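What follows is the residue order along each chain.
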Amino acid sequence: PGGRTEELAAQPLTITTSARAIKASRWDFSFKLTPETFRKRTRWTGVARCEMNPFALDSMLRVLWSTFLSLEGGALLHSCGVRQGDGALVFPGVSEAGKTTLARKIEDPDDVLSDEMVALRRGEDGEWRAHGTPFWGDFQRGGVSLRSWPLRGVGFLKQSDTVGAVPVTSAEATLRLLACFVCF
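First things first, this report covers the structure right here in the doc. Throughout this description, residue numbers start from 1 for each chain and increase along the sequence as written. A pLDDT threshold of at least 70 governs which residues receive local features in this predicted model, and a stricter bar of 80 or more applies before side-chain atom pairs are shown or counted, although totals over entire chains, interfaces and linings include all residues. As a rule here, side-chain values come from all non-hydrogen atoms in the structure, and water together with hydrogens is ignored.

In the Ramachandran plot, Lys40 falls in the positive-phi region, its phi being about 65 degrees despite a non-glycine side chain. A 1.4 Å probe rolled over the protein chains alone gives each residue an accessible area, and that area as a share of the maximum for its type sets the label: buried under 20%, exposed over 50%, partly exposed in between. By relative accessible area, which is 85% here, Lys40 ends up exposed. For Glu96, which is not glycine, the phi torsion reads 75 degrees and is therefore positive. Structurally, the position occupied by Glu96 is in the loop between β6 (87-92) and α3 (99-105). For the purposes of this entry, the term helix denotes a DSSP run of H or I that reaches at least four residues, the term strand denotes a run of E that reaches at least two, and both are numbered from the N terminus.

Rendered as structure tokens:
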């Protein structure tokens, strides 16, 4: 009784977005941002409050990333992203799907975009790109994780004693992707 659980129940995460402002509040952080047009680009300015602990800051940044990505037609996915040659492969999955296990098997840590959250966004050329994020499982730190690569494929992990690939229908892939879509 008492403590963080009661605080969370009393003030859960609330987010409001409009053309005039983005507001979010939770028991351990809050922010309000408003857009300004500057040289044909929109920049957001405002005020924020955040408790001084890594969990509150990480949560606030996840809310910001997912909000801005969705406003720009992108998405934040609970997934592992790896660089393969001149492109990226993304492996969305729920907790315990094997994302961190896959990331640990990559020989060069700089080839891992993230083992927790990968951002997908269409580039100026219309090609989808996979971007690394600062979000890593167990608050680990990645290599050159904020780089991006053209998206070359999406695969779904399943823990097993064997290695194999099984095709999935686009409907099943869509449902699996939606389960990993991070949207507050």
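So much for the structure itself; the text now carries on.
Next up on the list: the sheet that holds strand β3 (residues 29-38). Ordered in space as β1-β2-β3-β4, the four strands form an open sheet in which the pairing is antiparallel. Edge positions in the sheet fall to β1 (14-17) and β4 (41-50), since each of these pairs with one other strand and no more. Averaged over all adjacent pairs, the angle separating strand axes in this sheet is 10 degrees, with direction ignored. Across 10 bridges, β3 lies against β4 in antiparallel orientation. Counterpart to Phe31 in the pairing with β4 is Ala48. Any two strands with at least two DSSP-identified bridges between them are counted as paired. Structural elements are reduced to axes, namely lines fitted to C-alpha atoms, with helices fitted over the stretch in contact, and the angle between N-to-C directions of any two is expressed from 0 to 180 degrees.

Salt-bridge detection follows one rule: a side-chain nitrogen of Lys or Arg within 4 Å of a carboxyl oxygen of Asp or Glu. Applying the stated criterion across every chain, the model contains nine salt bridges. A salt bridge links Arg62 to Asp58; its shortest N-O distance comes to 2.5 Å. Of the two residues, Arg62 and Asp58 both sit in helix α2 (residues 54-71), four residues apart, roughly one turn of that helix. Just as Arg62 is buried, Asp58 falls in that class too.

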